[in-house]
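Letter by letter, the chains look like this.
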Amino acid sequence: MFSYEEIKTIRNHFPSLNNQDNHRIYFDNAATTQKPVQVINAINKYYCHLNSNVNRSFNLLDQWTNNDLELSRTNMKDFIHAKYRDEIIFTSGTTESINLIAFCLSNMINKSDDIIISHSEHHSNIIPWQVLIQNKNAHLKVIPVNSEGELNLIVLKQLITKNTKLISISHVTNTFGIINPIQKLIQTAHKYKALVLIDGSQAISHISIDVQKLDCDFYVFSIHKMYGPTGLGILYGKQKVLDKFTPYQGGGGMIEQVTFNQTIFSGLPFKLEAGTPNIAGIIGTNKALTFLGNYSMIQIKHYENKLIQYAIQMLMNIHGIQIYYKNSKRTQMLSFNIEKIHYFDLGQLLNNYGIAVRTGTHCAQPIMDYLNINGTIRLSFALYNTMAEIDIFYHYLIKCLYILSYDQKHSTFKVNKFKRIRINT
Ligand code: PMP
C-alpha cells in the first residue's frame with residue numbers, strides 16, 4: 001500500500017495532474033493514462049538533441065538512436081518476461097497488433113476452420129476476426145460470460161474443436177474490469193492445438209505479466225495505457241509462431257535484399273516492422289517502463305484495489321444503482337448505471353465539475369446488447385488517483401443526481417460518513 005507521501009510524490013511526476021488551468025479529477029485511465037515527466041522529457045530530448053532515423057544512415061546519431069530503441073525492446077522483453085528480444089514487435093497500438101496477427105494468420109485459416117472470441121471483447125478484438133472469417137468462409141464462435149461476467153469456460157469446452165485455429169480473448173475486460181481466467185483457457189486451447197491471443201490492453205499496467213508462464217502465443221497491448229506515449233503498441237509472439245509469419249507490410253527496414261524478381265526479408269523482429277518506426281514514442285516507452293519499475297505490481301494492484309473497493313462502498317449508498325458484476329475479480333475499473341438517469345447526462349454534468357469519466361458502450365457494443373443496456377458510466381483508476389478524489393467525485397455525483405431529479409427520498413447516501421483525505425485540493 002502506498003503512503004500519503006508516496007502518492008503525493010507519484011502525482012508530482014505528472015505535469016497534467018498539477019496543471020492549474022486543467023484542474024480536474026481524471027477517472028478515465030482505461031481510455032488512456034496521463035504521462036509522467038520522464039516520458040515527456042525523453043521525447044523532447046530525442047527531438048531536440050538526437051532526431052535521426054534508425055538503421056538507415058549509420059552515422060553517430062543514428063547509432064545512438066538505434067541503441068535507445070533497442071534498449072526499449074530489451075526492457076519490454078524483461079517487463080513481460082518474454083524469452084527473446086525478437087519476440088517484441090513495435091506496432092502502432094493494440095488495434096494494429098491484432099490486425100497484423102489476423103493478416104498473417106489468414107493463410108493458415110481454411111474453410112470450415114473457426115476462431116473463438118468472447119462476448120465481452122473490445123471492437124478491435126472482434127472486427128479483424130469477422131473480416132478474416134468472411135474472406136475465408138470460416139466461422140466465428142463466441143464464448144458467453146457467466147454470472148460473474150467472466151468467460152464461461154464450460155461453454156468453451158463445448159465450442160472448441162480440432163478446427164479451432166485461434167482463441168482471442170481480453171485478459172481484463174475494458175467494460176467492467178473483470179479478470180478473465182486466461183490460464184485455464186490457454187491450457188484448454190493448447191490441448192486442441194489452437195493458438196491463443198491475449199489482449200492485455202487493460203491488464204498491462206495493473207497486473208504483473210509473465211508471457212512464458214502464461215504460455216500464450218500472442219500478448220498485445222497499447223503503450224498509452226501504461227503511462228507511455230500514444231501511437232505505439234506491442235505485439236509479443238512466440239518466436240516459433242512469428243517465424244512462420246509472412247510480412248504484413250512491405251517497405252524500408254525489413255529486408256536483406258530487393259530485386260525486381262524477389263525480396264529476401266530480414267528476420268524477426270524487423271520483418272514485421274516495415275517503415276520508419278515511432279522512434280520518439282519507443283524511446284518514451286523505455287521511460288514509462290522505468291517509471292513503472294519504481295513500484296512493484298503487487299503494490300500497485302493492492303493500492304488500486306483499495307481505491308476500487310472504496311468507490312464501490314460509496315456508490316452502494318445510492319438507491320437504484322447497478323454496479324456491473326460488483327463482486328467479481330477485477331482490476332481498477334467499474335461500470336455502473338443509476339435507475340432513471342441517463343449515463344450521458346450524468347457524464348456531461350460531472351464533466352462540468354471537472355471530473356472526467358467515460359460514458360457509452362466503451363467500444364464493446366455486443367456485451368451491452370447482451371445486458372440489454374445502451375451504455376454505462378465507467379470509472380477507471382491509475383496509481384496516482386486518491387481516495388480524496390473519490391470523495392470529491394462522490395460529492396459531485398450526488399449534486400448531479402439532484403440536478404437530474406434523482407428521487408432524494410429513496411436515497412440512503414451519507415456523504416459526511418466518509419473521512420476526507422484530500423491531498424490535492
Ligand atoms: N482492447 C482493449 C481491451 C482496449 O481497452 C482497447 C482500448 N480501449 C483496445 C483494445 C484498443 O486499443 P488502441 O485503440 O490503443 O489500439
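Keep in mind that what you see is a predicted model, and the values were worked out from it rather than measured.

### Here's the deal with helix H11 (residues 297-315)
Between its first and last C-alpha, H11 extends 26 Å over 19 residues, near the 27 Å set by a 1.5 Å rise per residue. For H11, the set of buried residues is Met297, Ile300, Tyr303, Glu304, Leu307, Ile308, Tyr310, Ala311, Ile312, Met314 and Leu315.

### Considering the sheet that holds strand E8 (residues 233-237)
Read from one edge of the open sheet, 7 strands run E2-E8-E7-E6-E5-E3-E4, paired in mixed fashion. Only two strands of the sheet have a single partner each, and these edge strands are strand E2 (88-91) and strand E4 (139-143). Strand after strand, the sheet turns through a mean of 20 degrees between neighbouring axes, direction not considered. Bridge count for strand E3 (residues 114-118) against E4 is 5 bridges, and the pairing is parallel.

### Some remarks on the confidence of the model for the chain
Residues with a pLDDT of 70 or more make up 94% of the chain, whose mean pLDDT is 93. Least confident of the elements in the chain is helix H3 (residues 60-79), whose mean pLDDT is 91; most confident is strand E7 (residues 218-222), at 99. With pLDDT under 50 throughout, residues 413-425 is counted as low confidence; its partners more than four residues away or in other chains account for 35 contacts.

### Re H3
Residues that lie three or four places apart on an α-helix share one face, since the helix turns once every 3.6 residues. Along its 20 residues, H3 runs 28 Å from first to last C-alpha, staying within 8% of the 28 Å computed at 1.5 Å per residue. Among the residues of H3, Asp62, Thr65, Asn66, Leu69, Glu70, Ser72, Arg73, Met76, Lys77 and Phe79 are the ones counted as buried. Where H3 is buried, its residues meet helix H2 (37-50), E2, E7, E8, helix H10 (279-293) and H11. Taken from the residues just after H3, His81 is the one with a positive phi, measuring 60 degrees.

### So, the packing of aromatic side chains
Applying the stated rule across the entire model yields 17 aromatic pairs. Both rings, one in Phe291 and one in Tyr295, keep their centres 5.5 Å apart while their planes meet at 70 degrees; by these two values the pair is edge-to-face. For the pair Phe291 and Tyr295, a shared accessibility class is recorded, and that class is buried. In textbook terms, an aromatic cluster arises when at least three aromatic residues are bridged by ring pairs, as seen for Phe2, Phe14, Tyr227, Phe291, Tyr295, Tyr303 and Tyr384.

### With respect to the site of the ligand
Residues in contact with the ligand, as listed here, are Thr94, Thr95, His122, Ser124, Asn174, Asp199, Ser201, Gln202, Ser222, His224 and Lys225. Within the side chain of Asp199, an N or O atom sits 2.5 Å from a nitrogen atom of the ligand. One of the side-chain N or O atoms of Gln202 is found 2.7 Å from an oxygen atom in the ligand. Across the complex, the protein chains shield 84% of the 400 Å² of accessible surface that the ligand would expose by itself. Residue classes in the shell around the ligand are distributed as no nonpolar, 9 polar and 2 charged.

### What about unusual backbone geometry?
With omega at -5 degrees, the peptide bond leading from Leu268 into Pro269 counts as cis. The phi dihedral of His81 is positive, around 60 degrees, even though this residue is not glycine. As for its placement among the helices and strands, His81 is situated in the loop between H3 and E2. Phi is positive for Asn137, which is not a glycine, with a value near 60 degrees. Residue position: Asn137 is located in the loop between helix H5 (127-136) and E4.

### A few points about the domain arrangement of the chain
Taken as a whole, the chain is organised into domain 1 (4-30 + 296-420) and domain 2 (39-293). Between the C-alpha centres of domain 1 and domain 2 there is a distance of 30 Å. Listed by partner, the interface residues are 35 residues for domain 1 and 31 residues for domain 2. Viewed at the interface, domain 2 and domain 1 are joined by 0 salt bridges. Connecting domain 1 to domain 2 are 15 residue pairs in polar contact (both at pLDDT 80 or more).

### Section: the pairing of E7
Within E7, 5 of the 5 residues are buried, which leaves it mostly tucked inside the rest of the structure. For strand E6 (residues 195-199) and E7, the ladder comprises 3 bridges, and the chain directions are parallel. When the bridges of E7 are listed, Asp199 appears paired with Val220. By the bridge criterion, 5 bridges tie E7 to E8 in an arrangement that is antiparallel. Residue pairing for E8: Val220 is matched across the bridge by Leu235.

### What to know about the state of the cysteines
As enumerated under the stated definition, the model contains 0 disulfides in all. The structure places no disulfide on Cys104, whose sulfur is separated from the nearest cysteine sulfur, that of Cys216, by 17 Å.

### Notes on the environment of Ile127
For Ile127, the position within the fold is in helix H5. In this structure the C-alpha to C-alpha distance between Ile127 and Asn372, which are 245 residues apart in sequence, comes to 21 Å.

### A closer look at the nonpolar core
If you look at the biggest cluster of nonpolar residues, it comprises 99 residues, and the most contacted ones within it are Ile80, Leu185, Tyr219, Leu315, Phe336, Leu346 and Phe393. Looking at this core element by element, the count peaks at 10 residues for H11. Domain assignment of the residues forming this core places at least three in each of domain 1 (4-30 + 296-420) and domain 2 (39-293). Not counting residues within four places of it along the chain, the set of residues in contact with Leu315 comprises Ile321, Ile323, Leu334, Phe336, Leu379, Phe393, Tyr394 and Leu397. Residues Leu100, Leu195, Phe245 and Leu272 belong to the second largest nonpolar core, which totals 26 residues.

Conventions we followed
- Residues numbered from 1 in each chain as written.
- Predicted model: local features only at pLDDT ≥ 70, side-chain atom pairs only at ≥ 80, totals over all residues.
- Heavy atoms only, no water.
- Helix = DSSP H or I, 4+ residues; strand = E, 2+ residues; numbered from the N terminus.
- Expected span 1.5 Å × (residues − 1).
- Buried < 20%, exposed > 50% of the residue type's maximum accessible area, 1.4 Å probe, protein only.
- Pairing = 2+ DSSP bridges.
- Axes fitted to C-alpha atoms, helices over the stretch in contact; angles between N-to-C directions.
- pLDDT = per-residue confidence, 0-100.
- Contact = heavy atoms within 4.5 Å.
- Phe/Tyr/Trp six-rings, centres within 6.5 Å; stacked < 30°, edge-to-face > 60°.
- Near = heavy atom within 4 Å.
- Polar contact = N/O pair within 3.5 Å; in protein donor to acceptor, adjacent residues only side chain to side chain.
- Areas by Shrake-Rupley, 256 points an atom, 1.4 Å probe, with all protein chains shown as cover.
- Nonpolar A, V, L, I, M, F, W, Y, C, P; charged D, E, K, R; others polar.
- Domains from an automatic or database assignment.
- Salt bridge = Lys/Arg side-chain N within 4 Å of Asp/Glu carboxyl O.
- Disulfide = S-S within 2.5 Å.
- Core = buried A, V, L, I, M, F, W, Y, C linked by side-chain atoms within 4.5 Å.

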